[in-house]
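# A look at the structure
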Amino acid sequence: GAGVSQSPSNKVTEKGKDVELRCDPISGHTALYWYRQSLGQGLEFLIYFQGNSAPDKSGLPSDRFSAERTGGSVSTLTIQRTQQEDSAVYLCASSRGTGANEKLFFGSGTQLSVL
Amino acid sequence: AQSVTQLGSHVSVSEGALVLLRCNYSSSVPPYLFWYVQYPNQGLQLLLKYTSAATLVKGINGFEAEFKKSETSFHLTKPSAHMSDAAEYFCAVSEGGYNKLIFGAGTRLAVHP
């Protein structure tokens, strides 16, 4: 596609519910990243995919958070039993290669609000 | 572990004035450094990056940044601010040899007539 696409753009959920956030990276991009942007914590790295595997999951805040990537393309970030502190903008990004000097393209994010 | 400090959460300048946004980093290895911009209701966009080639890096929209190892700084400048430059700016350092970015807290730039 033309850019990184994320859906939904906004999600409001009740505390305790599970949510799934989707990311469609730019076609052909092998690396995919999830970041979180919140008022209290700023921009934080969550997880990195190289193809379908996740060499670095160190940023996932708790075991309620998980992510997968299938077919080397679409990725889903799942948050189970949501808490109010999970409210944030979840950003997905992709790059053609895996090096740090590869240009990273960000989606517009999913605004998650947990009531 | 690497970290990034951005001095000043809010900066306000007049249109046509110099823009200076400060960024200091800590890194145990030669870093890759980045400046990203986030316009209202838009995603993050790369302004420029330093990857150990030239110490003065030119980016989009007339912005540039200078890597100073002795000062562990990577300040962002633009000679003449434009109203359209109003946005939030993030400095970042990469960790791990891939795009695992450690971001600063961000600086919101306001440009007034």
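Our subject is the structure listed above.
Residues numbered from 1 in each chain as written. Chains lettered and ligands numbered in written order. Predicted model: local features only at pLDDT ≥ 70, side-chain atom pairs only at ≥ 80, totals over all residues. Heavy atoms only, no water.

Before going further, it helps to spend a moment on the packing of aromatic side chains. Evaluated as defined, the whole model comprises 14 aromatic pairs over all chains. Pairing Tyr 35 of chain A with Phe 103 of chain B gives two aromatic rings, centres 5.7 Å apart and planes at 85°, and the pair type is edge-to-face. Residue Tyr 35 of chain A is found in strand 4 (residues 31-38), and its partner Phe 103 of chain B is found in strand 10 (residues 100-103); the two belong to separate chains. What makes Phe 103 of chain B buried here is its relative accessible area of 9%. (Phe/Tyr/Trp six-rings, centres within 6.5 Å; stacked < 30°, edge-to-face > 60°. Helix = DSSP H or I, 4+ residues; strand = E, 2+ residues; numbered from the N terminus. Buried < 20%, exposed > 50% of the residue type's maximum accessible area, 1.4 Å probe, protein only.)

Next up on the list: the environment of Tyr 98 of chain B. Structurally, Tyr 98 of chain B can be placed in the loop between strand 9 (87-95) and strand 10. Placed 66 residues apart in sequence, Tyr 98 of chain B and Tyr 32 of chain B show a C-alpha to C-alpha distance of 9.8 Å. Those residues within four positions of Tyr 98 of chain B in sequence are excluded, and the remaining contacts are Tyr 33, Tyr 48, Asp 56, Thr 98, Gly 99 and Ala 100 of chain A. For Tyr 98 of chain B, the side chain forms a polar contact with the side chain of Asp 56 of chain A, separated by 2.3 Å. (Contact = heavy atoms within 4.5 Å. Polar contact = N/O pair within 3.5 Å; in protein donor to acceptor, adjacent residues only side chain to side chain.)

What follows concerns the environment of Leu 60 of chain A. Residue and element names in this part refer to chain A. Here Leu 60 shows up in the loop between strand 6 (53-56) and strand 7 (65-69). Exposure remark for Leu 60: the relative accessible area of 18% places this residue in the buried category. Residues Leu 60 and Tyr 35, spaced 25 residues apart in sequence, show a C-alpha to C-alpha distance of 9.5 Å. Apart from residues no more than four positions distant in its own chain, Leu 60 is found in contact with Leu 46, Ile 47, Phe 65 and Leu 77.

So, about the pattern of salt bridges. All told, the structure shown has eight salt bridges over all chains when counted by the stated rule. In this structure, Asp 56 of chain A and Lys 100 of chain B form a salt bridge, with 3.3 Å as the shortest nitrogen-oxygen distance. Taken as a pair, Asp 56 of chain A in strand 6 and Lys 100 of chain B in strand 10 lie in two separate chains rather than in one. Using a relative accessible area of 12% as the deciding quantity, one classes Lys 100 of chain B as buried. (Salt bridge = Lys/Arg side-chain N within 4 Å of Asp/Glu carboxyl O.)

Let us look at the interface of chain A and chain B. Chain A puts 20 residues into the contact, and the matching count from chain B is 17 residues. It is Leu 43, Ala 100 and Phe 106 of chain A that lose the most area in chain A upon contact with chain B, and together they represent 35% of the buried surface on that side. Counting every contact that joins chain A to chain B gives one salt bridge. Those elements giving two or more residues to the side of chain A that touches chain B turn out to be strand 4, strand 5 (42-50) and strand 9 (88-95) of chain A. For the side of chain A that touches chain B, a count of residues per class yields nine nonpolar, eight polar and three charged. (Buried area = accessible area lost by both parts, 1.4 Å probe. Nonpolar A, V, L, I, M, F, W, Y, C, P; charged D, E, K, R; others polar.)

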